[in-house]
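# Close look at the chain arrangement
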Amino acid sequence: MPLSCRHILACTDGSPRARRAVAAATGVAGLCAAKLTVLFVIPPYVLPAYGEAAQYVPGVTPHLYKQRADALARKVLAPSARLAQKAGVACTTLAVNAAEPWSGILHAAHKGKCDLIVMASHGRRGLARALLGSETQKVLTHSRIPVLVVR
């Protein structure tokens, strides 16, 4: 952890592991008197496709997708904001659109001039890790900012 930790970025997808990571980030922010930003990454709208042809799916428009994604982001981020408020930690929430969550995380961390990124590891191993990838691993590989991984 950096000696002068003034701004912490905590990442959440709403899972129990991510909630533990946000709780850890809140605790560190409280100890360091740091500002906390809790981030939720929204994947972009992708037109449903089968093979080489796009399919029409009634009712799923880019506008409706954005509305639902924004509502999900608010739902996922609200508990983090309440937790920080209870702990007396200055907290903002942020939802960003990114095709790859790891790149959205790093972009938000750089833009926010964060000193530390806190995120969960879902602990996938073997074939599941190879097939699904690891956003945490990608952040660790590409980040110049220290990363605290909560398991």
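### Overview of the overall build of the chain
- Helix and strand content of the chain: five helices and seven strands.
- Going residue by residue from the N terminus, the α and β elements of the chain occur as β-α-β-β-β-α-β-α-β-α-α-β.
- Across the 151 residues that make up the chain, the buried fraction comes to 35%.
- Of all intrachain contacts in the chain linking residues separated by at least 6 positions in sequence, the fraction that spans at least 24 positions is 75%.
- Of the roughly 9200 Å² of accessible surface on the chain, a fraction of 59% belongs to carbon and sulfur atoms.

### Focus on the sheet that holds strand S2 (residues 35-42)
- With respect to topology, five strands assemble into an open sheet ordered S5-S2-S1-S6-S7, the strand pairing being parallel. Either end of the sheet is taken by a strand with one partner, and the two such strands are strand S5 (91-97) and strand S7 (147-150). The sheet shows a mean angle of 25° between the axes of neighbouring strands, taken without regard to direction.
- The sheet contacts of helix H5 (residues 135-142) involve strand S6 (116-120) and S7, and relative to S6 the element is tilted by about 160°.

### Brief notes about the side chain of Thr-26
- When you line up the elements, Thr-26 lands in helix H1 (residues 16-32).
- The class for Thr-26 is buried, based on a relative accessible area of 4%.
- Every residue in contact with Thr-26, bar those within four places of it in the chain, is listed here: Leu-36, Leu-83, Ala-84, Ala-87 and Val-89.

### So, helix H3 (residues 101-111)
- Turning to H3, its buried residues are Trp-102, Gly-104, Ile-105, Leu-106, Ala-108 and Ala-109.
- Its buried side turned inward, H3 meets strand S1 (7-11), S2, S5, S6 and H5.
- Note on H3: the residue one or two positions beyond its end, Lys-113, has a positive phi of about 55°.

### Looking at the packing of H3 against H5
- Contact geometry of H3 with H5 gives a least axis separation of 8 Å together with a crossing angle of 45°. The orientation of H3 relative to H5 falls into the category oblique. Here H3 runs over H5; the crossing is right-handed. Residues Pro-101, Trp-102, Ile-105 and Leu-106 of H3 form the contact with H5, whose participating residues are Glu-135, Lys-138, Val-139 and His-142.
- Of the residues assigned to the contact of H3 with H5, the class counts are five nonpolar, one polar and two charged.

### Details of the environment of Tyr-45
- Residue position: Tyr-45 is located in the loop between S2 and strand S3 (49-50).
- Once the C-alpha coordinates of Tyr-45 and Val-60 are considered, the two residues, 15 residues apart in sequence, prove to be 9.5 Å apart.
- Leave out the neighbours within four places in its chain, and Tyr-45 touches Val-60, Thr-61, Pro-62 and Tyr-65.

### What about unusual backbone geometry?
- The phi angle at Ala-33 is positive, at roughly 55°, despite the residue not being glycine.
- Owing to a relative accessible area of 71%, Ala-33 belongs among the exposed residues under this scheme.
- If you check the backbone angles, Lys-113 has positive phi at about 55° while not being a glycine.
- With respect to the helices, strands and loops of the structure, Lys-113 is situated in the loop between H3 and S6.
- Taking the relative accessible area as the measure of exposure, Lys-113 reaches 69% and is therefore exposed.

About the cut-offs
Residues numbered from 1 in each chain as written. Predicted model: local features only at pLDDT ≥ 70, side-chain atom pairs only at ≥ 80, totals over all residues. Heavy atoms only, no water. Helix = DSSP H or I, 4+ residues; strand = E, 2+ residues; numbered from the N terminus. Buried < 20%, exposed > 50% of the residue type's maximum accessible area, 1.4 Å probe, protein only. Contact = heavy atoms within 4.5 Å. Areas by Shrake-Rupley, 256 points an atom, 1.4 Å probe, with all protein chains shown as cover. Pairing = 2+ DSSP bridges. Axes fitted to C-alpha atoms, helices over the stretch in contact; angles between N-to-C directions. Parallel < 35°, antiparallel > 145°, perpendicular 65-115°, else oblique. Left-handed = near helix turned anticlockwise from the far one by under 90°. Nonpolar A, V, L, I, M, F, W, Y, C, P; charged D, E, K, R; others polar.

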